[in-house]
Amino acid sequence: MAQHSNNQPPQLGEIPKPNTGWIWKTFWVLVGITALEFVFVFLMDPGTLRNTIFIILTIFKAFFIVAEFMHLKHETKGLIWTILIPMGLLIWLLVALVSEGSYVGESIQNALN
Amino acid sequence: MATTSTTQTLSSPSTQEQPRTGTWDGGNEPFKASYGKLMMWFFLLSDAFTFAAFLTTYGLMRHRHLAYTGTNEAFEFSTAYWPIPDKVFNAFPGLHGIDLPLGFVALMTMILIFSSVTMVLAVEAGHRMDKNDVQKWLLWTILFGATFLSCQAWEWSHFIAGTDEGTVMEDGTRFFGANLQRNQYGPVLFADLFFFITGFHGTHVFSGICLLIWSFIATTNGTFEKRGHYEMVEKIGLYWHFVDLVWVFVFTFFYLV
């Protein structure tokens, strides 16, 4: 019976103050990168260099969303690698199929001419 | 009296729910993450494969078709080459006929990033067991999510209806807008991939909103408060951030590149 006092739910009167500084910092970083992308859309001619810049900026944005918002940065190393290694293989898939697409397109053009 | 209380203790659920501690009876937490969170991560990984397959297909098909080689100003829609996204997505609701390249998409991106922020704020409030704050931030997230979805609905209807001028197709007829067989913007696959990729993403946003509404009701009813933690909000948060993450990639590969 004496244990009953321990079974009481904890007093919820005191709620700690919110700690949201890091959230807003991440938000402004994401807004900044998106704004930068638009600067490149309007000030730079389309081309491989511009596309490379876009992809690098996208990976930066993805890093901030996954590391901070999804909290992956603060998980164990095992979990981080479990997520990142399969995603890394997708980069190979993308490069392989995009070059394959160029080759298919070229072949079709050559056959038509 | 003593016997009765023992029986009660044995049959009460608290005995069955005693934490397991052994290595092989479920007492382990691999990666120091709870079962639910870990499974959400693996689900998101598999979902990422699906989206990666879509975006890779987009890359393949785009490179398989001819690219437009003229100047940006002289660009005209034609089924012969892949269109420049700035020229397709340049409309804004209420500003008919004004050329605003990617303006509406920029707004949609901002809305979704902001909904991600309100979601983290809800998760953060959950850590502090602050029921009111969780409710407030969940509501904001639902609002921004629904706004994003409405924007996408407008984007779709504009894409389907087409421009005022339309495009003279290969058979000499003038065609307006897009469907799965024909579209005025470029090769057939351009519109198909637009519908599939943004549609699949929109479906994810819709499921996310359903989950958020459910968790808002559960928060209001005090379900998580009684449970002693807001981990469910955290898991739905992971899903919601993933949807935002996918949009970041769709935005780059469909609209910018």
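Keep in mind that what you see is a predicted model, and the values were worked out from it rather than measured.

Q: Sorry if this is basic, but what is going on with the overall build of chain B here?
A: Regarding its fold elements, chain B presents nine helices and four strands. Each helix (α) and strand (β) of chain B, taken in turn from the N terminus, gives the series α-α-α-β-β-α-α-α-β-β-α-α-α. On C-alpha atoms alone, chain B measures out to a radius of gyration of 25 Å, which is more than a quarter above the 18 Å that the 2.2 N^0.38 rule sets for 257 residues. Taken over the C-alpha atoms alone, chain B extends approximately 95 × 40 × 25 Å along its principal axes. Each of the 257 residues in chain B was classed as buried or not, and the buried ones make up 37%.

Q: Help me out: how do you make sense of the overall build of chain A in this one?
A: Helices and strands together make up the secondary structure of chain A, namely three helices and zero strands. Along the chain direction, N to C, the helices and strands of chain A fall in the order α-α-α. Looking at the 113 residues of chain A, the share that counts as buried comes to 11%.

Q: I would appreciate a short explanation of the interface of chain B and chain A in the present structure.
A: You'll often see interface size given as the accessible area lost when the parts meet. Taken together, the 39 residues of chain B in the interface contact 41 residues of chain A. Only α3 (35–64), α5 (103–127) and α9 (231–256) of chain B provide two or more residues apiece to the side of chain B that touches chain A. Tallying contributions element by element places α3(B) first for the side of chain B that touches chain A, with 11 residues.

Q: Looking at this model, I keep getting lost on the confidence of the model for chain A. Mind explaining?
A: Do not read the predicted coordinates in detail wherever pLDDT is low. Of all residues in chain A, 88% attain a pLDDT of 70 or more, and the chain-wide mean is 84. Below a pLDDT of 50 lies the segment residues 1–10 of chain A, which in the model reaches zero contacts outside its immediate sequence neighbourhood of four places, other chains included.

Q: Help me out: how do you make sense of unusual backbone geometry in this one?
A: Most of the time, phi is negative for any residue but glycine, and the peptide bond is trans. One non-glycine residue with positive phi stands out, namely His71(A), at about 70°. Residue placement: His71(A) occurs in the loop between α2 (48–69) and α3 (77–112). Look at Met129(B): it is not a glycine, yet its phi comes out positive at around 60°. Position of Met129(B) relative to the elements: it lies in the loop between α5 and α6 (131–161). For Met129(B), a count of 18 C-beta atoms within 10 Å translates into the label partly exposed.

Q: What am I meant to see in the domain arrangement of chain A here?
A: On domain assignment, one finds that chain A holds domain 1 (21–74) and domain 2 (76–113). Look at where the C-alpha atoms of domain 1 of chain A and domain 2 of chain A centre, and you get two points 22 Å apart.

Q: What's the story with α2(A) in this structure? I'm lost.
A: Taking 1.5 Å as the rise per residue, α2(A) with 22 residues should run 32 Å; its terminal C-alpha atoms sit 31 Å apart, in good agreement. Residues of α2(A) that are buried: Phe54(A), Thr58(A), Lys61(A), Ile65(A), Val66(A), Glu68(A) and Phe69(A). Against the buried residues of α2(A) lie α1 (21–43) of chain A together with α5 and α9 of chain B. With its phi angle positive at about 70°, His71(A) sits one or two positions after the end of α2(A).

Q: Would you mind showing me how to read the packing of α1(A) against α2(A) here?
A: Two measures define how a pair of helices packs: the angle their axes make with one another and the distance between the axes. Residue and element names in this part refer to chain A. Two elements in contact, α1 and α2, have axes whose closest approach is 10 Å; the angle formed by their N-to-C orientations is 170°. One way to sum up the angle between α1 and α2 is to call them roughly antiparallel. Contact residues: Trp22, Thr26, Val29, Leu30, Ile33, Leu36, Glu37 and Phe40 in α1; Arg50, Ile53, Phe54, Leu57, Phe60, Lys61, Phe64, Glu68 and Phe69 in α2.

Q: Please clarify how the nonpolar core should be interpreted in this entry.
A: Buried together is how nonpolar side chains tend to be arranged in soluble globular proteins. Ranked by internal contacts, the top residues of the largest apolar core, which has 68 residues, are Ala122(B), Val246(B), Val250(B) and Phe251(B). Among the secondary structure elements, those contributing two or more residues to this core are α1 and α2 of chain A together with α3, α5, α6, α7 (188–220) and α9 of chain B. If one sorts the elements of this core by residue count, α9(B) sits on top with 17 residues. In this view, Val246(B) contacts Phe51(B), His201(B) and His204(B); residues no more than four positions away in its chain are not counted.

Q: What am I meant to see in the packing of α7(B) against α9(B) here?
A: Residue and element names in this part refer to chain B. At a minimum axis separation of 10 Å, α7 and α9 run at an interaxial angle of 160°. Between α7 and α9, the crossing angle belongs to the class labelled roughly antiparallel. Seen along the crossing, α7 lies across α9 with a hand that is left-handed. Counted together, Ile197, Thr198, His201, His204, Val205, Gly208, Leu211, Leu212 and Ser215 of α7 and Met232, Val233, Ile236, Tyr239, Trp240, Val243, Val246, Trp247, Val250 and Phe254 of α9 form the full contact between these two elements. Looking at side-chain class alone, the contact of α7 with α9 contains 14 nonpolar, five polar and no charged residues.

Q: How do you make sense of the environment of Asp244(B) when you look at a structure like this?
A: Following the sequence through the fold, Asp244(B) ends up in helix α9. By C-beta crowding, Asp244(B) is classed as buried, having 26 other C-beta atoms within 10 Å. Considering only alpha carbons, one finds Asp244(B) and Gly186(B), 58 residues apart in sequence, at a separation of 28 Å. Residues within four places of Asp244(B) in sequence aside, it is in contact with Ile65(A), Leu112(B), Ile113(B) and Ser116(B).

Criteria and thresholds
Residues numbered from 1 in each chain as written. Chains lettered and ligands numbered in written order. Predicted model: local features only at pLDDT ≥ 70, side-chain atom pairs only at ≥ 80, totals over all residues. Helix = DSSP H or I, 4+ residues; strand = E, 2+ residues; numbered from the N terminus. Rg over C-alpha atoms; globule rule 2.2 N^0.38 Å. Buried ≥ 20, exposed ≤ 12 C-beta atoms within 10 Å, placed from the backbone. Contact = placed C-beta atoms within 7 Å. pLDDT = per-residue confidence, 0-100. Domains from an automatic or database assignment. Expected span 1.5 Å × (residues − 1). Axes fitted to C-alpha atoms, helices over the stretch in contact; angles between N-to-C directions. Parallel < 35°, antiparallel > 145°, perpendicular 65-115°, else oblique. Core = buried A, V, L, I, M, F, W, Y, C linked by C-beta atoms within 7 Å. Left-handed = near helix turned anticlockwise from the far one by under 90°. Nonpolar A, V, L, I, M, F, W, Y, C, P; charged D, E, K, R; others polar.

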